[in-house]
Amino acid sequence: MSKIILTGDRPTGKLHVGHYVGSLRRRVELQNSGEFDKIFIMIADAQALTDNADNPEKVRQNIIEVALDYLSVGLDPAKSTLFIQSQIPELTELSFYYMNLVTVSRLQRNPTVKSEIAMRNFETSIPVGFFTYPISQAADITAFKATTVPVGEDQEPMIEQCKEIVRKFNSVYGEALVEPEILLPDNAACLRLPGIDGKAKMSKSLGNCIYLSEEPESIKKKVMSMFTDPNHLRVEDPGQVEGNPVFIYLDAFAKDEHFAEFAPDYANLQEMKDHYKRGGLGDVKVKKFLNNVLQAELEPIRNRRKEFQKDIPYVYEVLRKGSQVAEEVATQTLSDVKNAMRINYF
Ligand code: ATP
Ligand code: MG
């Protein structure tokens, strides 16, 4: 069986370092491993509209920002199909048929959607499109017969829901759909990177992000303002590394070579953590180290972005061609689905 990836992002803002460690970095590795037969990366503009219906301009503008972020982290249009969700109308048709296989109470149990509804103050009036976006996400995944979905931890309930739809569809109508597997980051710190404010998730909608395109001065300012252990008041005090955002970021980003370059007193992160826990290592020093690590990681990404930014028509052309390829694949799946349902009448 072929190995196929489908994943993507909502164009609700520029991509941030949470996206990078949660999904983007892995995608690029998988792309370059040559292990996969096809890779589809989707800019989920239709999904973004489900909670931004009154602001289509925001979604429209962020399509190009997300595409620039993709190219600048190393997603390569020669190896990965980059496309725009709304340009593939077959996805909507698939969603419509899948809706019959899911109950309202099943959707209401989805913990990610629950917390997103609370975050957006949607409790009393949830847009139907937003409420049902896990179904449309199942359409996105199955349209490409994806076997592997590399995403952050918040997407786990969506993949579960998708699997249930696949099983239900295949058992009612006959085998036409492929069950996907989630691929979570193997590093626990990357499952759900906290915001610089220490909140549970760095998220475009919460404004607690360090963006991939962020300028050096601004990265530094954000890092120096980050939350740490609130009880670590004096340098000599013993500090806590568990749940400390600065150390979570270091878990996600620091490599041994960063120590040789920026903190030669320590061979690796464990030694730095041990010193912090014993006492005698100040927050400012740790933050300066984190700043150096992030600057080293983000500089080449930012520079590549500036190059791609000079040729926006090229970026749109990449998306146009990718959308064409994606539509061909989705059309085939829709035909398989309609055959299985025996609704191909003519
Ligand atoms: P929004 O607030 O509009 O939902 P978002 O920041 O949550 O935006 P998405 O486009 O919903 O971003 O998520 C894209 C991908 O990035 C998903 O695979 C998601 O799991 C992953 N991701 C998002 N935020 C984080 C994070 N803080 N840590 C790890 N992975 C993340
Ligand atoms: Mg999200």
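Treat the numbers as computed from the prediction; the structure is a model and nothing was measured.

A. Up close: the site of ligand 1. Around ligand 1, 22 residues are found, and the nearest of them are Thr12, Asp154, Leu193, Lys201 and Ser205. Here an oxygen atom of ligand 1 sits 2.7 Å away from a polar atom, N or O, in the side chain of Thr12. One of the backbone N or O atoms of Gly18 is found 3.4 Å from a nitrogen atom in ligand 1. Coverage of ligand 1 by the protein chains reaches 97% of its 600 Å² of free accessible surface. Only strand 1 (4–9) and helix 1 (17–33) provide two or more residues apiece to the shell around ligand 1. Considering every element that reaches the shell around ligand 1, the biggest residue donor is helix 1, with three residues. Of the residues that constitute the shell around ligand 1, the class distribution is five nonpolar, ten polar and seven charged.

B. Up close: helix 9 (residues 156–173). Counted at 1.5 Å a residue, the expected span for helix 9 with its 18 residues is 26 Å, and the 26 Å between its end C-alpha atoms agrees. With its phi angle positive at about 110°, Gly174 sits one or two positions after the end of helix 9.

C. View of the domain arrangement of the protein chain. Annotation of the protein chain at the domain level lists domain 1 (4–192 + 312–341) and domain 2 (214–306). Using C-alpha coordinates to define each centre, domain 1 is positioned 33 Å away from domain 2. Every contact between the two is made by 14 residues of domain 1 and, on the other side, nine residues of domain 2. Across the domain 1 to domain 2 interface the summed buried area is about 1000 Å²; carbon plus sulfur atoms make up 58%. Between Arg305 and Glu65 there is a salt bridge; the shortest N-O distance is 2.8 Å. At the boundary of domain 1 and domain 2, one finds six residue pairs in polar contact (both at pLDDT 80 or more).

D. Representation of the side chain of Lys287 within the structure. In this structure, Lys287 sits in helix 14 (residues 283–309). Of the buried charged residues, Lys287 lacks a salt bridge, with Asp283 as the closest side chain of opposite charge at 6.0 Å. The residues contacting Lys287, other than those within four sequence positions of it, are Val223, Met224, Ser225, Met226, Thr228 and Val246.

E. Seen up close, unusual backbone geometry. We note that Lys145 has phi near 50°; this positive angle belongs to a residue other than glycine. With respect to the element layout, Lys145 can be found in the loop between helix 8 (133–143) and strand 4 (148–150). Within the chain, Arg342 stands out as a residue other than glycine whose phi angle is a positive 55°. With respect to the secondary-structure elements, Arg342 resides in the segment after helix 15 (312–341).

F. Highlighting the nonpolar core. Residues Tyr70, Ile210, Leu212, Leu250 and Met272 are the most contacted members of the largest nonpolar core, which totals 60 residues. The element contributing the most residues to this core is helix 3 (residues 56–73), with eight residues. When residues of this core are assigned to domains, at least three map to each of domain 1 (4–192 + 312–341) and domain 2 (214–306). Counting residues in hydrophobic clusters, the runner-up holds 39 residues, among them Leu6, Leu94, Tyr98 and Leu107.

Basis of the calculations
Residues numbered from 1 in each chain as written. Chains lettered and ligands numbered in written order. Predicted model: local features only at pLDDT ≥ 70, side-chain atom pairs only at ≥ 80, totals over all residues. Heavy atoms only, no water. Near = heavy atom within 4 Å. Polar contact = N/O pair within 3.5 Å; in protein donor to acceptor, adjacent residues only side chain to side chain. Areas by Shrake-Rupley, 256 points an atom, 1.4 Å probe, with all protein chains shown as cover. Helix = DSSP H or I, 4+ residues; strand = E, 2+ residues; numbered from the N terminus. Nonpolar A, V, L, I, M, F, W, Y, C, P; charged D, E, K, R; others polar. Expected span 1.5 Å × (residues − 1). Domains from an automatic or database assignment. Contact = heavy atoms within 4.5 Å. Buried area = accessible area lost by both parts, 1.4 Å probe. Salt bridge = Lys/Arg side-chain N within 4 Å of Asp/Glu carboxyl O. Buried < 20%, exposed > 50% of the residue type's maximum accessible area, 1.4 Å probe, protein only. Lys, Arg positive; Asp, Glu negative; His and termini not counted. Core = buried A, V, L, I, M, F, W, Y, C linked by side-chain atoms within 4.5 Å.

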